[in-house]
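This is what each chain is made of:
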Amino acid sequence: MPAASAVPGPGAAPYYPALTGLRALAAWLVFVFHFNPFGRGSAGWWLAEQFSSGVGLFFVLSGFLITSRYLGRLQPTSHELVPFFRRRWARIYPLYFLLTVLTVVVYQVSNQYDIDGRYLPYSNKGRLLLLALNSFLVQGFFSEYRFTGLMVSWSLTAEESFYALAPWLLRGLRRHGPARLLAYAVGLLGLGCALVLLPAPWHRFGFFSSYAFMLEGTFPGRCIEFLGGMYLAWWLAARPAGRARWPVCTILGLVWWLVGMAAMATVQARGVWAPGYQLDGLRLLRIFLNNVGLVPGFCLLLYGLAHEASVLRRLLASRLFGLLGKASYAFYLLHAGLLTELLHRYVSASRLVQFGLLNLVAVLVYLGFEKPVNRWLVSASSSRKRVRATSQAT
């Protein structure tokens, strides 16, 4: 195992075009999970459920990309932390906040669109709390509010939790090597269990209300996916890889993923799934397969798409998939909410048509709002930083 000192210092961060396209594929998998094209019988639901693994792929990819970009380049000092957090905020928050506000306003004005009860069933005080939790992106810590606002935004709570800890996780990884990641996994899972064990008053509004909720929906429960991506990035930084001739890892990663999904479907078919967050042996086994078992397959796939020549790599690295990958965040936020309901009512009930239109709208939102706003926020902060530096020098 290479020493931690083998990790390179500051320099140009690597860029893997196929992994941008992979983001679109991950978002589409979540679409399949939510809108099940496999039929309404038990087998169809069991199959559709496994496409939720697209969220896990996002988490592994996030850990990999943040580590690839910042390992050896980010120190936990105010000089470097402020720009890091500002960039993460500019990337995630503006579009999320805009869509959340628009959704809540529409639900408030016309209750016919809130068919899943993500806003209207709450009292006035509950709605204010809903807005507060969603505004600070902490709704994913509360089981009673996890799916409020934008249904998929619970995952952003986990993502933002990772960003908040990333500078210190990276520092430990660089200083002590990948063995530290195992300690992080144990510590974070232990923290999650400790929060579940808090006395009842602490669990108001479902704050870390159960082990199943913690493991399925929070950063402590999903940390191994992020840490797996971090390990892969460390491994690549310590062992610069040449371009492989055969896509062995790509194929192994895809096969691992498919076998893992089949195993989860089999486990789910054998269980009687109680509503809510009750945990039994079969549910715990499925959580383990999803949160841990799929991670090596995802890492193999990411390595293959980064360093092996394959048809899949060329496809995902194409300009079309590059654009779709960049618009995947908008697609992810839009696909399971108000826009899909509007398309279903007033345009077409076909999920295929909705899928195409959602991708088109996501691209337009990315080009017309997300990209320019992000660029403006980052450039504005850079300009202020240069002005302060100039004034201090004079």
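Here the structure is a predicted model, which means the values were calculated and not measured.

Caption draft 1: Layout of the overall build of the protein chain. On a plain count of helices and strands, the protein chain comes out with 17 helices and 0 strands. Over its C-alpha atoms the protein chain spans a radius of gyration of 21 Å, differing by no more than 12% from the 21 Å that the globule rule assigns to 394 residues. Projected onto its principal axes, the C-alpha positions of the protein chain cover 55 × 55 × 50 Å. Counting over 394 residues, the protein chain shows a buried share of 51%. Taking all contacts inside the protein chain whose residues are at least 6 apart in sequence as the whole, residues at least 24 apart take part in 74%. Accessible surface, the protein chain: about 18,600 Å² in total, of which carbon and sulfur atoms supply 67%.

Caption draft 2: The arrangement of the pattern of salt bridges in detail. Scanning the model with the defined rule gives 5 salt bridges in all. Glu370 serves as the salt-bridge partner of Arg91, at 2.5 Å between the closest nitrogen and oxygen. Taken as a pair, Arg91 in helix H4 (residues 78–109) and Glu370 in helix H17 (residues 351–393) lie far apart in primary sequence, 279 residues in all. Across the pair Asp116 and Arg118 runs a salt bridge, and its minimum N-O distance is 3.6 Å. For Asp116, a relative accessible area of 52% puts it in the exposed group. Relative accessible area serves as the criterion here: at 14%, Arg118 is assigned to the buried category.

Caption draft 3: The environment of Ala362, seen in detail. Structurally, Ala362 can be placed in helix H17. Separated by 36 residues in the primary sequence, Ala362 and Lys326 have C-alpha atoms spaced 9.3 Å apart. Aside from chain neighbours lying at most four places away, what touches Ala362 is Ala327, Ala330, Phe331 and Leu334.

Caption draft 4: Local environment of the packing of aromatic side chains. Evaluated as defined, the whole model comprises 27 aromatic pairs. For the ring pair Phe59 and Phe226, a centre distance of 4.6 Å and an interplane angle of 25 degrees mean the geometry is stacked. Highlighted residues: Phe59 in helix H3 (residues 53–70) and Phe226 in helix H9 (residues 219–238), separated in sequence by 167 residues. On the numbers, 5.0 Å between centres and 70 degrees between planes, the contact of Phe207 with Phe208 is edge-to-face. We note that Phe207, like Phe208, is buried. Through a chain of ring-to-ring contacts, three or more aromatic side chains come together here, namely Trp28, Phe31, Phe35, Phe321, Phe331 and Phe355.

Caption draft 5: Representation of helix H11 (residues 281–293) within the structure. If you check which residues of H11 are buried, you get Arg283, Arg286, Ile287, Asn290 and Asn291. An end-on view of H11 places all buried positions within 115 degrees of arc, on one side of the element. The N-cap of H11, judged by a side-chain oxygen 3.3 Å from the amide nitrogen of Leu282 a few residues on, is Asp280.

Caption draft 6: Here's a closer look at the nonpolar core. Judged by nonpolar contacts, the single largest core of 88 residues is most densely connected at Phe162, Leu302 and Leu333. By residue number, the principal contributor to this core is helix H1 (residues 17–35), which donates 12 residues. Every residue in contact with Leu333, bar those within four places of it in the chain, is listed here: Leu95, Tyr96, Leu99, Leu150, Val152 and Leu156. Listed in part, the 18 residues of the second largest apolar core include Val104, Tyr113, Tyr119 and Leu133.

Caption draft 7: Spotlight on the packing of helix H6 (residues 154–176) against H9. One can describe the packing of H6 onto H9 by two numbers: an axis separation of 10 Å at closest approach and a directional angle of 50 degrees. By the angle class used here, H6 and H9 are oblique. Once H6 is placed against H9, the crossing between them reads as right-handed. For the pair formed by H6 and H9, the contact residues are Trp154, Ala158, Glu159, Ser161, Phe162, Leu165, Leu169, Leu170 and Leu173 on the first element and Phe219, Arg222, Phe226, Met230 and Trp234 on the second. The residue inventory of the contact of H6 with H9, partitioned by class, reads 11 nonpolar, 1 polar and 2 charged.

Caption draft 8: Highlighting the confidence of the model for the protein chain. Averaged over all residues, the pLDDT of the protein chain is 89; the fraction at 70 or higher stands at 91%. Predicted confidence is poor over residues 1–10, with pLDDT under 50, and the contacts of this stretch with residues over four places away or in other chains come to 27 contacts. Low pLDDT, under 50, characterises residues 389–394; the predicted model gives this stretch 0 contacts beyond four residues in sequence or across chains.

Caption draft 9: Highlighting the environment of Trp154. With respect to the helices, strands and loops of the structure, Trp154 is situated in helix H6. Judged by its relative accessible area of 9%, Trp154 is buried. Expressed as a C-alpha distance, the spacing of Trp154 and Thr218, which sit 64 residues apart in the sequence, is 8.2 Å. The residues contacting Trp154, other than those within four sequence positions of it, are Val55, Phe59, Gln139, Gly140, Arg146, Phe147, Glu216, Gly217 and Arg222.

Caption draft 10: View of a nonpolar patch on the surface. A surface patch of nonpolar side chains, about 350 Å² in accessible area, is lined by Phe97, Val101, Val105 and Val109. Inspection of the secondary structure assignment puts Val101 in helix H4. Given the relative accessible area of 37%, Val101 is considered partly exposed.

Caption draft 11: Main features of H6. A rise of 1.5 Å per residue sets the reference length of H6, with its 23 residues, at 33 Å; its end C-alpha atoms lie 32 Å apart and thus fit the reference within 8%. The sharpest bend along H6 comes to roughly 50 degrees, located at Ala166, with the proline Pro167 sitting one to four residues further on. Gly177 sits one or two residues past H6 and shows a positive phi near 80 degrees.

Caption draft 12: Quick look at unusual backbone geometry. Of note, Leu137 is a non-glycine position whose phi angle comes to about 55 degrees, a positive value. Checked against the element boundaries, Leu137 lands in the loop between helix H5 (124–135) and H6. Even without glycine at this site, Phe205 takes up a positive phi of about 65 degrees. Looking at the secondary structure, you find Phe205 in the loop between helix H7 (179–196) and helix H8 (211–217). A residue is classified by how much of its surface remains accessible, and Phe205, at 27% relative accessible area, is partly exposed.

Procedures and definitions
- Residues numbered from 1 in each chain as written.
- Predicted model: local features only at pLDDT ≥ 70, side-chain atom pairs only at ≥ 80, totals over all residues.
- Heavy atoms only, no water.
- Helix = DSSP H or I, 4+ residues; strand = E, 2+ residues; numbered from the N terminus.
- Rg over C-alpha atoms; globule rule 2.2 N^0.38 Å.
- Buried < 20%, exposed > 50% of the residue type's maximum accessible area, 1.4 Å probe, protein only.
- Contact = heavy atoms within 4.5 Å.
- Areas by Shrake-Rupley, 256 points an atom, 1.4 Å probe, with all protein chains shown as cover.
- Salt bridge = Lys/Arg side-chain N within 4 Å of Asp/Glu carboxyl O.
- Phe/Tyr/Trp six-rings, centres within 6.5 Å; stacked < 30°, edge-to-face > 60°.
- Arc of directions from axis to C-beta.
- Polar contact = N/O pair within 3.5 Å; in protein donor to acceptor, adjacent residues only side chain to side chain.
- Core = buried A, V, L, I, M, F, W, Y, C linked by side-chain atoms within 4.5 Å.
- Axes fitted to C-alpha atoms, helices over the stretch in contact; angles between N-to-C directions.
- Parallel < 35°, antiparallel > 145°, perpendicular 65-115°, else oblique.
- Left-handed = near helix turned anticlockwise from the far one by under 90°.
- Nonpolar A, V, L, I, M, F, W, Y, C, P; charged D, E, K, R; others polar.
- pLDDT = per-residue confidence, 0-100.
- Patch = residues over 30% accessible without salt bridge, like charges linked within 9 Å, V, L, I, M, F, W, Y side chains within 5 Å.
- Expected span 1.5 Å × (residues − 1).
- Bend = angle between axes of the 7 residues up to and from the residue.

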